[in-house]
Each structure stands twice: as C-alpha cells, then as structure tokens.
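What the coordinates show
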Amino acid sequence: MQGITTFLWFNDQAEEAARFYVSVFDDAKILSETRYGEVGPGPEGSIMTIEFEIQGQRFVALNGGPIFTFTEAISLVVNCESAEEIDYYWDKLTEGGEPSRCGWLKDKFGVSWQVVPTRLKTLLGDPDPAKSQMVMAAMMQMEKLDLHALQTAYNDA
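Residues numbered from 1 in each chain as written. Predicted model: local features only at pLDDT ≥ 70, side-chain atom pairs only at ≥ 80, totals over all residues. Heavy atoms only, no water.

**Structural notes on the sheet that holds strand 3 (residues 47-54)**
Spatially, the four strands line up as an open sheet ordered 1-4-3-2, and their pairing is mixed. Whereas interior strands pair on both sides, the edge strands pair on one side only; in this sheet they are strand 1 (6-10) and strand 2 (28-35). Direction aside, the axes of adjacent strands within the sheet are offset by 20 degrees on average. By the bridge criterion, five bridges tie strand 1 to strand 4 (residues 57-63) in an arrangement that is parallel. Directly across from Phe7, in strand 4, lies its bridge partner Val60. Sheet strands touched by helix 1 (residues 14-24): strand 1, strand 2, strand 3 and strand 4. Its angle to strand 3, the strand with the most contacts, is close to 15 degrees. (Pairing = 2+ DSSP bridges. Helix = DSSP H or I, 4+ residues; strand = E, 2+ residues; numbered from the N terminus. Axes fitted to C-alpha atoms, helices over the stretch in contact; angles between N-to-C directions. Contact = heavy atoms within 4.5 Å.)

In structure tokens, the structure reads:
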C-alpha cells in the first residue's frame with residue numbers, strides 16, 4: 001500500500017473528475033468508492049470519495065464541498081517522452097480548461113498540471129549556462145512546450 005495518498009477536494013465533481021483522469025491516462029483505474037449515508041454531510045447515496053490510480057500513483061477525490069478550491073500551490077506533472085505524448089496530454093487536459101505558460105494548464109476541474117518532455121530536465125540542467133538559459137528563454141515564450149523548439153534553442157546556444 002502507498003504510504004501517502006493525495007486527496008483532491010471537489011465540490012461535487014469527484015466522480016466525474018476521477019473517471020475523466022482514468023480515461024486520459026493508460027495504466028489507470030478506479031479502485032473504490034464510498035458514498036454518503038443518511039447522516040451526510042452530502043446527499044445520501046452520493047459519492048463521498050472515489051479512489052483511483054494513475055500509473056501506480058493513488059489519489060482520492062473527495063466531494064467535500066466548496067470550502068477549498070485548487071491553486072497552483074499543488075499541481076501534477078506529466079512527463080512525456082515524445083512530442084506526440086505532449087500533444088495528447090495537453091489536448092486532453094486543456095479540454096474545457098485553461099492553458100497557461102511553460103507547459104502549465106488548469107483542467108476543467110481547476111487542477112493544475114504541467115505537461116513536460118522528460119528531456120527538459122537535461123536541457124535545463126546543462127552545466128553550460130548559455131545552453132540552459134537559451135532553453136529557459138525559449139520555454140518562457142511557450143504555452144504548450146515544443147520539444148523540437150526547446151532542443152533547437154539548446155543546439156543553437
């Protein structure tokens with residue numbers, strides 16, 4: 001069992017969000033559901049929590065009410081091996097959501113994600129500051145990260 005599980009607090013969209021995330025990612029599944037009983041606080045029979053797993057990482061979506069909302073202070077990163085993967089996850093996660101800069105987006109539920117190429121860590125961590133700064137400058141101009149453009153910026157430095 002995973003020692004720490006991330007809870008994602010929704011007003012009343014926990015089931016919809018969990019099923020959406022499971023549909024986007026390979027190796028993802030719903031694990032369990034709990035429902036509110038007659039003592040509430042949610043409507044009797046409605047989903048209280050729904051546990052799901054994405055690529056080995058467990059999450060619990062909670063219908064806890066509107067008390068807390070998502071901010072960028074907690075976010076999820078999708079590491080992608082190819083431009084096609086970046087396109088796929090970017091398109092799926094921004095559907096009904098809002099793109100931002102540097103590969104960041106908010107999905108339709110308000111959860112923040114960054115869709116990044118795995119190669120980015122190497123490019124930004126290059127010991128030659130001119131190369132890493134060229135990559136950073138290129139990245140700062142992008143919404144969805146363009147792997148080819150990032151690699152070109154690195155090669156041109």
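So that's the structure; there's more coming.
**Some thoughts on helix 5 (residues 147-156)**
Buried residues of helix 5: Leu147, Leu150, Ala153 and Tyr154, and no others. Buried residues in helix 5, looked at end-on, bunch into an arc of 130 degrees, giving them a common side. Counted as exposed and oriented over 90 degrees from the buried face of helix 5: His148 and Asp156. The opening residue of helix 5 is Asp146, an N-cap whose side-chain oxygen sits 3.0 Å from the backbone nitrogen of His148. (Buried < 20%, exposed > 50% of the residue type's maximum accessible area, 1.4 Å probe, protein only. Arc of directions from axis to C-beta. Polar contact = N/O pair within 3.5 Å; in protein donor to acceptor, adjacent residues only side chain to side chain.)

**What about the pattern of salt bridges?**
With the rule as written, the count across this model stands at seven salt bridges. Across the pair Arg58 and Glu51 runs a salt bridge, and its minimum N-O distance is 3.2 Å. Taking the shortest distance from any N to any O, the salt bridge between Glu53 and Arg58 comes out at 3.5 Å. By relative accessible area, Glu53 is classed as buried at 13%. Arg58 sits in the partly exposed class, given a relative accessible area of 27%. A single network of salt bridges, built from pairs that share partners, joins Glu15, Arg19, Glu33 and Arg35. (Salt bridge = Lys/Arg side-chain N within 4 Å of Asp/Glu carboxyl O.)

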